[in-house]
Amino acid sequence: MALASSGSLAPAPWRVIVTRPELEARSWADALQARGVVCDILPLIEITTLPEPAALVQAWQAVPDHLALMFVSANAVRFFMAARPAGLPLPSCRAWSTGPGTRAALLAAGWSEGLIDSPHEDAPQFDSEALWALVAQRVQVAVACALAPSKPSVLIVRGADARGQLAGRDWLALQLENAGLQVLQAMAYVRHAPVLTPVQQSLARQAVGDGSAWLFSSSEAAQHLLQVCPSLPLAQAWALATHPRIAQRLRQTGWGRVDLVPAGVDAQAQSIKSLT
């Protein structure tokens, strides 16, 4: 597999361009490659530490009081766990994730498997709706058993955008609040548009016209591509989206062909090969 950061371009006339943050992009591309899908990586979301971690350290002090911690991504797990103050034990509350990558990060961080709620790796979608279907009953029981006027709480751990604002959807937070929970949010890292190297810029220009398929698991990555390469002829380009919302955003921004593919790696590889 020729990777975009390696200094050379993939010779294949057709390949999948994986746009996740670099760490996830490499592991996902390796997984697709092992299943017969030629890949290059072009990370379109850069992940960095918070400029001021004091609020994250403070969030750790209240962890034992929460019903659950919900992590929006594997990076949310890594950066949050890396900020654990010395002497504080690993959390004993439940951990929620929307997909297998985040679940794997929780296990790697030492979280008990029996405390993790996450959609099955064969689930058709890895999103807040799938997670809510798993935890809604537990939430209802916790609210019913709570002594008034206190409310059970959930901490959502997520990233911030380049302006320092919370990044991502609020759908799950609204469901939790409507169910009677207190919802708190913690920023664990910052998401930026990348600065592309000349090799990466060449890859982007080549891949929009050579039949390659751009794989997007985040509409933010597609937005960043427009920022860092504003003159790409997207009308002739092909995109693969792992969720209908992402597919809709890609069509709205002018991608010539947009196909929906499953989120799980096995089904995704099969789907991609069937589309070629």
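Anything mentioned here points back to the structure above.
So, a few notes on the structure that sits alongside this text. Computed from a predicted structure; not experimentally measured.

Take the environment of Val261 next. With respect to the helices and strands, the residue Val261 is situated in the loop between strand E11 (257-260) and helix H10 (265-275). Note on Val261: relative accessible area 3%, which makes it buried. Setting aside residues no more than four positions away along its own chain, Val261 makes contact with Leu215, Leu240, Ala241, Thr242, Gln268, Ser271, Ile272 and Leu275.

This next bit is on helix H1 (residues 22-34). Over its 13 residues, H1 runs 18 Å from end to end, which matches the ideal 18 Å to within 8%, given 1.5 Å per residue. Every buried residue of H1 is listed here: Glu24, Ala25, Trp28, Ala29, Ala31 and Leu32. The buried residues of H1 occupy one face: seen down the axis, they fall within an arc of 160°. Facing away from the buried side of H1 by over 90 degrees, the exposed positions are Leu23 and Ala34. Of the surrounding secondary structure, the elements contacted by the buried residues of H1 are strand E1 (16-18), strand E2 (39-41), helix H3 (74-82), strand E9 (213-216) and H10. Phi turns positive one or two residues past the end of H1, at Gly36, with a value near 90°.

This part takes up the packing of H1 against H10. Contact geometry for H1 and H10: axes closest at 9 Å, N-to-C directions at 60°. One finds that H1 runs oblique with respect to H10. Pair H1 / H10 crosses with right-handed handedness. Where H1 approaches H10, its residues Trp28, Ala31 and Leu32 are matched on the opposing element by Val265, Gln268 and Ala269.

Think of a sheet as strands paired side by side through backbone hydrogen bonds, with each pair either parallel or antiparallel. Spatially, the 5 strands line up as an open sheet ordered E2-E1-E9-E10-E11, and their pairing is parallel. Every other strand in the sheet has two partners, leaving E2 and E11 as the edge strands with one partner each. Averaged over all adjacent pairs, the angle separating strand axes in this sheet is 30°, with direction ignored. Judged from the 4 bridges that link them, E9 and strand E10 (residues 238-241) form a sheet pairing that is parallel. Directly across from Phe216, in E10, lies its bridge partner Ala241. Most of the contacts of helix H9 (residues 244-252) go to E11, to which it runs at about 175°, and overall it touches E9, E10 and E11.

Here is what the cut-offs are and how they apply
- Residues numbered from 1 in each chain as written.
- Predicted model: local features only at pLDDT ≥ 70, side-chain atom pairs only at ≥ 80, totals over all residues.
- Heavy atoms only, no water.
- Helix = DSSP H or I, 4+ residues; strand = E, 2+ residues; numbered from the N terminus.
- Buried < 20%, exposed > 50% of the residue type's maximum accessible area, 1.4 Å probe, protein only.
- Contact = heavy atoms within 4.5 Å.
- Expected span 1.5 Å × (residues − 1).
- Arc of directions from axis to C-beta.
- Axes fitted to C-alpha atoms, helices over the stretch in contact; angles between N-to-C directions.
- Parallel < 35°, antiparallel > 145°, perpendicular 65-115°, else oblique.
- Left-handed = near helix turned anticlockwise from the far one by under 90°.
- Pairing = 2+ DSSP bridges.

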